[in-house]
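A look at the structure
Chain by chain, the residues:
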Amino acid sequence: MKKTVSLVLGSGGARGFSHIGAIQELTSRGYNIKAVSGSSMGAAVGGIYAAQKLTEFVEWASKLNRRDTFRLMDFTISNQGFIKGTKIISVLREIIGEQRVEDFKIPYTAVATDIHTHEEIWLRKGELLEVIRASSAIPTLITPATIDGRILVDGGVLNPLPIEPVLEYNNELLVVVNINGKPDPLERKKLQTQENKQEANEQENSTQYVQSLINNVKAWFNIKSAKNSKRQDEALGYIGLLNKSIDLMQDKLCERAIEVHQPDIVVNISRMPISTFELHMANDLMDMGRDAMRKTLDEYERE
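Residues numbered from 1 in each chain as written. Predicted model: local features only at pLDDT ≥ 70, side-chain atom pairs only at ≥ 80, totals over all residues. Heavy atoms only, no water.

1. Considering the overall build of the protein chain
Within the protein chain, the regular secondary structure consists of 10 helices and 8 strands. In the protein chain, which comprises 303 residues, the proportion classed as buried is 52%. When contacts within the protein chain are restricted to residue pairs at least 6 apart in sequence, long-range pairs at least 24 apart make up 76% of them. For the protein chain, the exposed area adds up to about 15,000 Å²; of that, 50% sits on carbon and sulfur atoms. (Helix = DSSP H or I, 4+ residues; strand = E, 2+ residues; numbered from the N terminus. Buried < 20%, exposed > 50% of the residue type's maximum accessible area, 1.4 Å probe, protein only. Contact = heavy atoms within 4.5 Å. Areas by Shrake-Rupley, 256 points an atom, 1.4 Å probe, with all protein chains shown as cover.)

Below, the structure written as structure tokens:
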């Protein structure tokens, strides 16, 4: 019989789809997940797994394309963020229904940040989608959430790899999936080729209007094209620069968490391939997570 596992899923936007593949590989090899914690997209995938709705979620995510991704972005004029996040929560509610965290068969913790008290908040009860919404509210991008009077934003602000919440559970292995691993240019090149193929197919079937909207969204994240620039930094717009800064901060926080807690198994996935809102790359990211977990477990089991 394989060992029991406390599983930790890190934050990282769309890269969090790789958590799905990692979970699928882990459980297919007989490991028994007995507790899970997550931050941001890690909280979303971990919560959906704990709610026993991962199969339904994968079925939906695997069909996402660029236009679907755009339709999920409910833009708003606000000084707290330009995406409300209501549409994606409504879609998830149709997929997984009403679920309360305290009813789960395995302990689940989502991490959020109280923007006023500067505290890390562990969410272990309440309606799952409200919890996910709070843990995933990226500052300046997605508007904050309110739970029990607290104004909450993305858990990754203070703890992108929340190991501490599962330490109290007496499981045999502590397994961490870090999606803020060191950049791998080869992965980006591979995924870019796949993405270009997908974009070409979609453009064939898109109206000019829809494509224009998609291009406008891209402009938010990389406002300047910098066609003649030799440096990537010079091509960054405001949102792109903010995302890059958050990535760098989370890199260091993740490295520190792993150094302090010394997990039994660490699955590192490159942060380079996918940016925050590239949800249409779900299938490739799930494959990446599956491959990373497979290689890591092969090495662990050989020891």
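2. Let's talk about the packing of aromatic side chains
For the coordinates displayed, the defined rule picks out 3 aromatic pairs. The interplanar angle of 35° and the centroid separation of 5.6 Å between the aromatic rings of Phe57 and Trp60 together place this pair among those described as tilted. On the criterion of helical spacing, the pair formed by Phe57 and Trp60 is a turn pair, its members being 3 residues apart in helix H3 (residues 54–61). Phe57 sits in the buried class, given a relative accessible area of 4%. Among the aromatic side chains, those forming a connected cluster through ring pairs are Phe17, Phe57 and Trp60. (Phe/Tyr/Trp six-rings, centres within 6.5 Å; stacked < 30°, edge-to-face > 60°.)

3. Concerning empty space enclosed by the protein
One way to see where empty space is left: roll a probe the size of a water molecule over the atoms. Considering all chains together, one arrives at 1 cavity of 30 Å³ or more under this definition. If you add up the space inside the largest cavity, you get close to 460 Å³. As for the largest cavity, its lining consists of 25 residues, and the residues nearest its centre are Met41, Ile88, Ser136, Ile142 and Leu279. Contributions of two or more residues to the lining of the largest cavity are made by helix H2 (41–50), H3, helix H5 (86–96) and helix H6 (128–135). Classifying every residue of the lining of the largest cavity gives 18 nonpolar, 6 polar and 1 charged. (1 Å grid on protein atoms, 1.4 Å probe; cavity = no way out; pocket = protein on both sides within 12 Å on 5 of 7 lines; lining within 4 Å. Points joined across faces, edges and corners; volume = space filled by probe spheres on them. Nonpolar A, V, L, I, M, F, W, Y, C, P; charged D, E, K, R; others polar.)

4. Looking at the pattern of salt bridges
Here the structure, examined in full by the defined rule, presents 17 salt bridges. Salt-bridge contacts for Glu255 lead to Lys252; the nearest nitrogen and oxygen are separated by 3.9 Å. With Glu255 and Lys252 both in helix H9 (residues 238–261) and 3 residues apart, this pair spans about one turn of that helix. Relative accessible area serves as the criterion here: at 41%, Glu255 is assigned to the partly exposed category. Counted as one network, the salt bridges with shared partners bring together Lys2, Glu25, Arg29, Asp291, Arg294, Asp298 and Glu301. (Salt bridge = Lys/Arg side-chain N within 4 Å of Asp/Glu carboxyl O.)

5. So, the confidence of the model for the protein chain
When the pLDDT values of the protein chain are averaged, the result is 84; 77% of them are 70 or greater. The low-confidence segment residues 202–210 (pLDDT under 50) makes 8 contacts with residues lying over four places distant or belonging to another chain. Low confidence marks residues 220–235, where pLDDT is under 50. Its contacts with residues over four positions away, or in another chain, come to 18 contacts. (pLDDT = per-residue confidence, 0-100.)

6. Some thoughts on the side chain of Asp154
Examined against the element boundaries, Asp154 turns out to sit in strand S6 (residues 150–154). Despite its burial, Asp154 remains without a salt bridge, the nearest opposite charge being carried by Arg133 at 9.1 Å. At 2.9 Å, the side chain of Asp154 forms a polar contact with the side chain of Ser40. A polar contact of 2.6 Å, which involves the side chain of Asp154, links it to the backbone nitrogen of Gly156. (Lys, Arg positive; Asp, Glu negative; His and termini not counted. Polar contact = N/O pair within 3.5 Å; in protein donor to acceptor, adjacent residues only side chain to side chain.)

7. What to know about the environment of Leu72
Assignment of secondary structure puts Leu72 in the loop between helix H4 (66–71) and H5. In this structure the C-alpha to C-alpha distance between Leu72 and Ile83, which are 11 residues apart in sequence, comes to 9.4 Å. Discounting chain neighbours no more than four positions away, the residues touching Leu72 are Trp60, Leu64, Lys87, Ile88, Val91 and Leu279.

8. Let's talk about unusual backbone geometry
Of note in this structure, His118 is not a glycine but carries a positive phi near 65°. Relative to the assigned elements, His118 resides in the loop between strand S3 (108–114) and strand S4 (119–123). On the accessibility criterion, His118 (62% relative accessible area) is exposed. Phi at Asp148 takes a positive value of approximately 50°, unusual for a residue other than glycine.

9. Observations concerning the packing of helix H1 (residues 18–28) against H3
Where H1 contacts H3, the two axes come as close as 12 Å, and the packing angle between them is 135°. It follows from the interaxial angle that H1 and H3 lie oblique. Considering only the axes of H1 and H3, their crossing is left-handed. Facing Ile20, Ile23 and Gln24 of H1, the residues of H3 in contact are Leu54, Phe57 and Val58. Here the contact of H1 with H3 is composed, by residue class, of 5 nonpolar, 1 polar and no charged. (Axes fitted to C-alpha atoms, helices over the stretch in contact; angles between N-to-C directions. Parallel < 35°, antiparallel > 145°, perpendicular 65-115°, else oblique. Left-handed = near helix turned anticlockwise from the far one by under 90°.)

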